[in-house]
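Observations on chain architecture
Here is what each chain is made of, one letter per residue.
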Amino acid sequence: MFGLIGHSSSFRDARNTARDLGFEDLAEGELDLWCSAPPQLVESFEVTSSTGKTIEGTYIDSCFVPEMLSRFKTATRKVQNAMELAQKRGINITALGGFTSIIFENFNLAKFQQIRSTLLQWDRFTTGNTHTAWVICRQVEQNAPRLGIDLKKAKVAVVGATGDIGSAVCRWMANKTGVGELLLVARQQQRLEDLREELGGGRILTLEQALPEADVVVWVASLPQTLEIDSNSLRKPCLMIDGGYPKNLDSKVMSEHVTVLKGGIVEFARDIGWQMMTVADMANPRRQLFACFAEAMLLEFEGIHTNFSWGRNNITLEAMEQIGMASIRHGFSALGIDPKTLNPQPLAA
Ligand code: NDP
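Before going further, it helps to examine helix α4 (residues 72-88). The periodicity of an α-helix, 3.6 residues per turn, causes residues three or four places apart in sequence to face the same way. Helix length check: α4, at 17 residues, gives a terminal C-alpha distance of 24 Å against a target of 24 Å (1.5 Å per residue), a fit within 8%. With respect to burial, α4 is a largely interior element, 13 of its 17 residues being buried.

Here it is as structure tokens:
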């Protein structure tokens with residue numbers, strides 16, 4: 001069995017979902033009540049691969065909402081409690097979705113393995129970042145040519161280049177895709193220098209310097225809501241892959257020459273009998289899901305019960321290739337531009 005740990009995208013959404021699911025106390029409750037609420041095992045379902053193999057999965061809502069990010073102890077407890085519940089239910093491999101993997105890594109929760117009477121077994125969990133990075137690279141490779149962008153000559157900016165997903169995307173773009181030039185964007189200079197040395201190339205720029213030069217921009221950083229982008233300064237055409245969370249880039253870029261694609265989203269070949277992706281605002285919630293969740297499914301399909309994606313900046317090209325091949329084999333495809341209309345496939349209804 002595989003598991004998915006997730007959360008609502010806002011406190012308001014969380015209350016609405018609680019009402020829909022019949023949790024009236026939570027629906028009426030203030031944030032303080034939600035801070036002390038335990039994780040909820042929301043639903044169980046089956047998924048059948050294109051190979052014909054059927055597996056069982058469970059969705060656990062951590063009862064975390066982004067409004068709790070500034071409360072260190074609360075955020076920590078939410079992630080730990082959800083992981084404890086997944087392990088107690090005997091789930092083989094569980095993906096840490098949305099902010100839960102970021103909280104795990106940024107707050108260094110690997111130091112706290114004992115949760116009450118449960119010793120968390122790390123090999124039961126994955127961040128799902130290897131599959132997310134592979135899907136984002138595939139979205140670049142499949143869609144840039146549809147817009148007339150020749151990747152061999154193109155400048156590809158990676159915003160969040162030194163992050164777990166960003167560094168894997170840079171590695172792939174440099175070694176597998178072979179893009180014209182990589183533009184590396186993040187805040188901490190030393191980490192950028194180290195990455196450039198590892199890649200054997202790439203140019204370190206600020207966001208303001210990189211955007212006007214880039215034919216493709218991969219966003220893999222959670223950026224401030226206040227970020228403003230001057231659409232007129234961008235290249236024509238320009239492909240933007242919105243791989244961060246929340247996915248709100250399309251509201252910041254207003255230009256017919258710029259195509260914004262929701263990054264790290266896959267579509268499955270057949271319907272899945274779950275409700276959870278309705279909550280995540282997918283246009284086709286029976287089939288579309290986050291690539292990190294899909295990684296837990298892929299590991300279960302393949303019988304790989306280990307923490308496939310774990311820690312920071314450990315993602316190898318071999319692991320990306322392995323999970324990518326499994327992704328195709330079991331029936332996932334990356335969300336892309338419709339080749340006929342050149343419009344992005346819809347995500348939110
Ligand atoms: P990391 O924390 O490992 O990396 C974040 C990166 O962003 C770092 O390079 C960081 O470098 C950079 N960064 C942060 N703030 C800024 C800023 N203001 N300007 C420029 N760079 C910045 O995160 P992950 O790689 O694990 O995840 C990256 C993003 O992907 C997150 O937003 C996450 O929510 C999202 N994600 C999406 C998924 C999906 O859609 N399927 C799945 C998993 C994650 P520095 O601190 O030096 O600036």
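Here Glu295 is to be found in helix α11 (residues 291-302). Arg171 provides the closest opposite charge to the buried, unpaired Glu295, separated from it by 13 Å. Looking at Glu295, its side chain comes within polar contact range of the main-chain nitrogen of Thr130, at 3.5 Å. Residues in contact with Glu295, not counting those within four places in the same chain, are Thr126, Gly128, Asn129, Thr130, His131, Phe308, Ser309 and Ile323.

Taken domain by domain, the protein comprises domain 1 (2-128) and domain 2 (130-265 + 336-341). Relative to domain 2, the C-alpha centre of domain 1 lies at a distance of 29 Å. Approximately 410 Å² of surface area, both sides summed, lies buried where domain 1 meets domain 2, with 54% of it carried by carbon and sulfur atoms. At the surface where domain 1 touches domain 2, the tally comes to zero salt bridges. Applying the counting rule to domain 1 against domain 2 returns three residue pairs in polar contact (both at pLDDT 80 or more). Of the residues belonging to the side of domain 1 that touches domain 2, the class tally is one nonpolar, five polar and no charged.

As a further point, take the packing of aromatic side chains. This model, assessed by the stated rule, comprises ten aromatic pairs. Taking 6.1 Å as the distance between ring centres and 85° as the angle between the ring planes, the aromatic pair formed by Phe11 and Trp34 counts as edge-to-face. Of this pair, Phe11 sits in helix α1 (residues 11-20) while Trp34 sits in helix α3 (residues 31-36), and the two are 23 residues apart along the sequence. Exposure remark for Phe11: the relative accessible area of 13% places this residue in the buried category. For the pair Phe64 and Phe99, a centre-to-centre distance of 6.5 Å together with 70° between the ring planes defines the contact as edge-to-face. With Phe64 in the loop between β3 (54-61) and α4 and Phe99 in helix α5 (residues 99-106), this pair connects stretches of sequence that are 35 residues apart. The burial state of Phe64 is the same as that of Phe99; both residues are buried. Of the aromatic side chains, those joined through ring pairs into one cluster are Phe2, Phe45 and Trp274.

At a closest axis distance of 9 Å, the pairing of helix α6 (residues 129-143) and helix α12 (residues 317-330) adopts a crossing angle of 75°. The angle between α6 and α12 falls in the class roughly perpendicular. Across the interface between the two elements, Thr130, His131, Ala133, Trp134, Cys137 and Arg138 of α6 pack against Ala319, Met320, Ile323, Gly324, Ser327 and Ile328 of α12. Looking at the contact of α6 with α12 residue by residue, the classes come out as seven nonpolar, four polar and one charged.

Parameters and conventions
Residues numbered from 1 in each chain as written. Predicted model: local features only at pLDDT ≥ 70, side-chain atom pairs only at ≥ 80, totals over all residues. Heavy atoms only, no water. Helix = DSSP H or I, 4+ residues; strand = E, 2+ residues; numbered from the N terminus. Expected span 1.5 Å × (residues − 1). Buried < 20%, exposed > 50% of the residue type's maximum accessible area, 1.4 Å probe, protein only. Lys, Arg positive; Asp, Glu negative; His and termini not counted. Salt bridge = Lys/Arg side-chain N within 4 Å of Asp/Glu carboxyl O. Polar contact = N/O pair within 3.5 Å; in protein donor to acceptor, adjacent residues only side chain to side chain. Contact = heavy atoms within 4.5 Å. Domains from an automatic or database assignment. Buried area = accessible area lost by both parts, 1.4 Å probe. Nonpolar A, V, L, I, M, F, W, Y, C, P; charged D, E, K, R; others polar. Phe/Tyr/Trp six-rings, centres within 6.5 Å; stacked < 30°, edge-to-face > 60°. Axes fitted to C-alpha atoms, helices over the stretch in contact; angles between N-to-C directions. Parallel < 35°, antiparallel > 145°, perpendicular 65-115°, else oblique.

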